[in-house]
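Residue strings, one per chain:
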Amino acid sequence: MRDFIYPEMMIHVPICTHKEPESLMIISANPEQLEIEANKHEGVDTQRVLPTMDALRNAADKSADVVACEMELDAAVIAHISRILSEEGLVVMRH
């Protein structure tokens, strides 16, 4: 079930919920299934980021309308995601 429903929920729900998504950031060590689902949305630029603090630090401010995160969360990771999200951005993460 993880191979089918999980990637669909991680990608389609936030993209279809956002008013006008233009950019998606996938933070994952294994983003292949998530990218397959993201590619079904024309006009949404997908960026892959490895789940490391260095990769998050290097991401531009307000550079993503949607962030799909599979990284272990702590206060620093959440702060970086908040910085990366656009003003009306959405984030979806594993819990």
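A.B. asks: Help me understand the sheet that holds strand E3 (residues 64-69), please; the structure alone is not making it clear to me.
C.D. replies: The strand order across the open sheet formed by four strands is E2-E1-E3-E4, and the pairing between neighbours is parallel. The open sheet has two free edges, formed respectively by strand E2 (45-49) and strand E4 (85-93), since each of these has just one partner strand. Taking each pair of neighbouring strands and ignoring which way they run, the sheet shows an average axis angle of 20°. Sheet analysis places strand E1 (residues 23-27) next to E3, joined by four bridges and oriented parallel. What sits directly across from leucine 24, in E3, is valine 66. Lying over the sheet, helix H4 (residues 75-84) contacts E1, E3 and E4, oriented at roughly 135° with respect to E4.

A.B. asks: Where do I start with the pattern of salt bridges in this structure?
C.D. replies: Side-chain pairing between opposite charges can occur once the charged atoms of the two side chains come close. Evaluated as defined, the whole model comprises seven salt bridges. For the salt bridge of glutamate 88 with lysine 19, the shortest nitrogen-to-oxygen distance reads 3.7 Å. Note that glutamate 88 is positioned in strand E4 and lysine 19 in the loop between helix H1 (5-17) and E1, a separation of 69 residues in sequence. A relative accessible area of 69% means that lysine 19 is categorised as exposed. Note that arginine 57 is salt-bridged to aspartate 54, the shortest N-O span being 2.8 Å. Residue arginine 57 and its partner aspartate 54 are located together in helix H3 (residues 53-58), separated by three residues, close to a single helical turn. By relative accessible area, which is 46% here, arginine 57 ends up partly exposed.

A.B. asks: Help me out: how do you make sense of H4 in this one?
C.D. replies: Looking only at H4, the buried set comprises Val77, His80, Ile81 and Ile84. End-on, the buried residues of H4 take up no more than an arc of 100°, which puts them together on one face. The inward-facing, buried residues of H4 abut E1, H3, E3 and E4. Two or three places before alanine 76, at the start of H4, stands the capping residue aspartate 74, its side-chain oxygen 3.1 Å from that residue's backbone nitrogen.

Criteria and cut-off values
- Residues numbered from 1 in each chain as written.
- Predicted model: local features only at pLDDT ≥ 70, side-chain atom pairs only at ≥ 80, totals over all residues.
- Heavy atoms only, no water.
- Pairing = 2+ DSSP bridges.
- Helix = DSSP H or I, 4+ residues; strand = E, 2+ residues; numbered from the N terminus.
- Axes fitted to C-alpha atoms, helices over the stretch in contact; angles between N-to-C directions.
- Contact = heavy atoms within 4.5 Å.
- Salt bridge = Lys/Arg side-chain N within 4 Å of Asp/Glu carboxyl O.
- Buried < 20%, exposed > 50% of the residue type's maximum accessible area, 1.4 Å probe, protein only.
- Arc of directions from axis to C-beta.
- Polar contact = N/O pair within 3.5 Å; in protein donor to acceptor, adjacent residues only side chain to side chain.

All we've got here are geometric facts, nothing functional implied.
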